[in-house]
Amino acid sequence: MATAEKGYDIADIGLAEDGQRRVEWADRQMPVLRTIRERFAKERPLDGVTMACCLHVTTETANLARTLIDGGAEVLLCASNPLSTQDDVAAALVDRYAAEVYAINGEDNDTYYRHIHTVVDRGPQITMDDGADVVGVLHGERADQLSGVLGGTEETTTGVIRLKALEREGRLGYPIIAVNNAKTKHFFDNRYGTGQSTLDGVIRATNVLIAGLRVVVIGYGWCGRGVAMRAKGHGAHVIVCEVDPLRALEALMDGFEVMPGIEAAKVGDVFISVTGNRDAISGEMFAAMKSGAIVCNSGHFDVEVNKEELDAITVEKFRARPFVEGHRTKDGREIFLLAEGRLVNLAAAEGHPAAVMDMSFANQALAAEHVARDHSYLEKRVYPVPEEIDSEIARLKLASRGVEIDDLTEAQQKYLASWDQGT
């Protein structure tokens, strides 16, 4: 194993060739990010900027890192989840693309946070988070470094929730762009990316036939919509659990059964949490589940599944398959937890397809450029992605697919800008 003193801490540098092949394959499906990388290489908008990036170390992330590096940034990358790192990709980033990487698949909690502290040690000027763990460390143990940070970006719903909490308390130390909330991010990444990759993770881990099963989706935000859509497409009977009446109504109108979690627990076969909150699946539900129930999480942190309360009713744990941990309960039932309750789509599968991450990471790259260029005008708060960035990414994605759209005529523009043209 390489050591952090050498500028990286990864599993095996010898995996670089395999990693490079997979990174280049993903790049073929990321035309928007590739276009941005070509411009960055010419203009160098991030020249001299040190970036601490806490992201899932995957092939798609590697292409984002390449874009930032070509833009002039010094990229320090650590994992945003202990089980999502692709070790061959980490090796390729170090050996072929000049990034510093501190990430090992399966690293323990102490190593995970040591890696975050390692990138923070370098005094980053821009942070790029997926879950706000670097932000959390900087606002906690390392608050003395906040003054050196120009700004940051945040990739996921859970991270934005944490940032909004800091902002409400008046404690946010620098401006952060909520990349997650860009339309070209959450409409597509959360819905189509999470929807496909979550079902992929469940199927790879278990090899169960989804058709005919009762799949319980807990949370009907954009991720939950995507998971429910894809489960239905596989032939599942989908049940949605929600706390928001508008989302619950939407799920009902979309054709799904809606009921409280405790009622769903009595009939469900597969349970998938996508809430961004803790204890979405907890003790009362575990007590009601039938034997053979499969439980997993596709929200960012493993607190969505209350593993302590599952352990409390467990008399025996056993490994049923890779990524499948069996829990034999005191009353003789078996409940199967996937991927230790962590992100099933990244732990048991490969995460979102590159074509979806193309737009998400294009947002990240352009948001980083925006922070580097305009940080002096930004206040210490959470900002949306500028609308012109969202529109440009959508335009580039359409162009990459050979799709053209209409333009408004001068008369139409005048009509939309007027108040006195009616019937």
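Before going into details, it helps to say that this report is about the structure given with it. (Residues numbered from 1 in each chain as written. Predicted model: local features only at pLDDT ≥ 70, side-chain atom pairs only at ≥ 80, totals over all residues. Heavy atoms only, no water.)

**Structural notes on a nonpolar patch on the surface**
Stated precisely, the cut-off is as follows: Residues enter patches when they are more than 30% accessible in relative terms and free of salt bridges; like-charged ones are connected within 9 Å and nonpolar ones (Val, Leu, Ile, Met, Phe, Trp, Tyr) within 5 Å. Values of accessible area rely on a 1.4 Å probe in the Shrake-Rupley scheme; residue burial ignores everything except the protein chains shown. Salt bridge criterion: a side-chain nitrogen from Lys or Arg within 4 Å of a carboxyl oxygen from Asp or Glu. Under the scheme used here, helices are H or I runs from DSSP no shorter than 4 residues and strands are E runs no shorter than 2 residues, and both carry numbers assigned from the N terminus.
Residues Leu 249, Leu 252, Met 253 and Val 258 make up a contiguous nonpolar surface patch of roughly 390 Å² in combined accessible area. Broken down by element, the nonpolar patch gets its largest block of residues, three residues, from helix H10 (residues 245-253). Counting through the fold element by element, Leu 249 comes out in helix H10.

**Structural notes on the packing of helix H1 (residues 16-28) against helix H4 (residues 87-95)**
Inclusion rule: Every axis corresponds to a line fitted to the C-alpha atoms, with the helix fit spanning only the stretch in contact, and the corresponding angles, defined between N-to-C directions, vary from 0 to 180 degrees. Every angle not falling under 35 degrees, over 145, or within 65 to 115 is termed oblique; those three ranges are roughly parallel, roughly antiparallel and roughly perpendicular. In what follows, residue pairs with any heavy atoms lying within 4.5 Å of each other are defined as contacts. Residues are sorted three ways: Asp, Glu, Lys and Arg are charged, Ala, Val, Leu, Ile, Met, Phe, Trp, Tyr, Cys and Pro are nonpolar, and all the rest, Gly among them, are polar.
It is the contact of H1 with H4, at a shortest axis distance of 7 Å, that shows an interaxial angle of 95°. In terms of their interaxial angle, H1 and H4 are classed as roughly perpendicular. Contacts between H1 and H4 involve Ala 16, Asp 18, Gly 19, Gln 20, Arg 22 and Val 23 on the former and, on the latter, Asp 88, Val 89, Ala 91, Ala 92 and Asp 95. A breakdown of the residues in the contact of H1 with H4 according to their chemical character gives five nonpolar, two polar and four charged.

**Points about the sheet that holds strand E10 (residues 270-273)**
Defined as follows: Here the rule is simple: two strands pair whenever DSSP picks up at least two bridges between them.
The strand order across the open sheet formed by eight strands is E9-E8-E7-E10-E11-E14-E13-E12, and the pairing between neighbours is mixed. The open sheet has two free edges, formed respectively by strand E9 (257-258) and strand E12 (314-321), since each of these has just one partner strand. Bridge count between strand E13 (residues 324-329) and strand E14 (residues 334-338): five bridges; the pairing is antiparallel. Looking across to E14, one finds that Glu 325 is bridged to Leu 337. Strands strand E7 (214-218), strand E8 (237-241) and E10 of the sheet are contacted by helix H9 (residues 222-233), whose axis makes an angle of about 170° with E7.

**Notes on the nonpolar core**
Condition: The definition of a nonpolar core used throughout is a set of buried Ala, Val, Leu, Ile, Met, Phe, Trp, Tyr and Cys residues joined through side-chain atoms within 4.5 Å. The buried label applies to any residue whose accessible area, calculated with a 1.4 Å probe on protein chains only, is under 20% of its type's maximum; exposed applies above 50%, and partly exposed to all values in between.
Judged by nonpolar contacts, the single largest core of 57 residues is most densely connected at Met 51, Leu 68, Leu 93 and Val 101. No other element matches helix H15 (residues 354-374), which puts eleven residues into this core. Once residues within four sequence positions are removed from consideration, Val 101 is found in contact with Gly 7, Tyr 8, Asp 9, Ile 10, Leu 77, Ala 90, Leu 93 and Val 94. Core analysis: the second largest hydrophobic core is formed by 26 residues, Ile 210, Val 215, Val 274 and Val 324 among them.

**Comments concerning H1**
Helical geometry: 3.6 residues make up each α-helical turn, so side chains three or four residues apart lie on a common side. Our working rule: Expected span of a helix, by definition, is 1.5 Å for each gap between consecutive residues, and there is one gap fewer than residues. In this description, one arc is meant: the one made by directions from the helix axis to the C-beta atoms.
For H1, built from 13 residues, the straight-helix expectation of 18 Å at 1.5 Å per residue is met to within 8% by its first-to-last C-alpha distance of 19 Å. All of the buried residues along H1 are Ala 16, Gly 19, Gln 20, Val 23, Ala 26 and Asp 27. The arc that holds the buried residues of H1, viewed along the axis, is 125°, so those residues lie on one side. Within H1, the exposed residues directed more than 90 degrees away from the buried face are Trp 25 and Arg 28. Looking at the packing, one finds that the buried side of H1 touches helix H2 (31-43), helix H3 (59-70), H4 and H15.

**Re the side chain of Asp 302**
Considering the arrangement of structural elements, one finds Asp 302 in the loop between strand E11 (293-297) and helix H13 (307-312). Not counting the four nearest positions on each side in its chain, Asp 302 is found in contact with Asn 297, Lys 307, Glu 340, Gly 341 and Arg 342.

**Digging into the sheet that holds strand E15 (residues 382-384)**
Spatially, seven strands are ordered E3-E2-E1-E4-E5-E6-E15 in an open sheet, and the strand pairing comes out parallel. This sheet does not close on itself; its edge strands, each paired only once, are strand E3 (100-102) and E15. The sheet shows a mean angle of 20° between the axes of neighbouring strands, direction not considered. Note that strand E2 (residues 74-79) and E3 share three bridges and pair parallel. Across the sheet, the residue bridging to Cys 78 is Tyr 102, located in E3.

**A short note on the side chain of Gln 364**
Inspection of the secondary structure puts Gln 364 in helix H15. For Gln 364, the contacting residues outside a window of four places in its chain are Leu 55, Leu 64, Met 128, Asp 129, Thr 153, Glu 154, Glu 155 and Val 179.

**Some words on the packing of aromatic side chains**
Quick reminder of the rule: Paired rings are identified among Phe, Tyr and Trp, the last through its six-membered ring, by centres lying within 6.5 Å, and are further divided according to the angle between planes into stacked (under 30 degrees), edge-to-face (over 60) and tilted (the rest). Cation placement over rings: the criterion is NZ of Lys or CZ of Arg within 6 Å of the ring centroid and within 35° of the ring normal.
In the structure shown here, the tally under the stated rule is five aromatic pairs. Taking the centre distance of 5.1 Å and the plane angle of 85° together, the rings of Tyr 112 and Tyr 113 count as edge-to-face. By relative accessible area, Tyr 113 is classed as partly exposed at 32%. Judged by centre distance (4.7 Å) and plane angle (50°), the ring pair of Phe 187 and Trp 222 falls under tilted. In this pair, Phe 187 is assigned in helix H8 (residues 183-206) and Trp 222 in helix H9, connecting sequence segments 35 residues apart. With relative accessibility at 26%, the residue Trp 222 sits in the partly exposed group. Lying across the ring of Trp 222, Arg 225 places its NZ or CZ 4.3 Å from the centre.

**Some points on the pairing of E10**
As a reminder, the rule being used: With strands facing away from the observer, any crossover in which the path from the first strand over the helix to the second runs clockwise is taken as right-handed.
Here E10 shows a buried face lined by Val 270 and Ile 272 and a second buried face lined by Phe 271 and Ser 273. Alignment of E7 against E10, held across four bridges, turns out to be parallel. Its bridge partner lying in E10, Val 216 is registered against Phe 271. For the crossover from E10 across helix H12 (residues 283-288) to E11, the handedness is right-handed.

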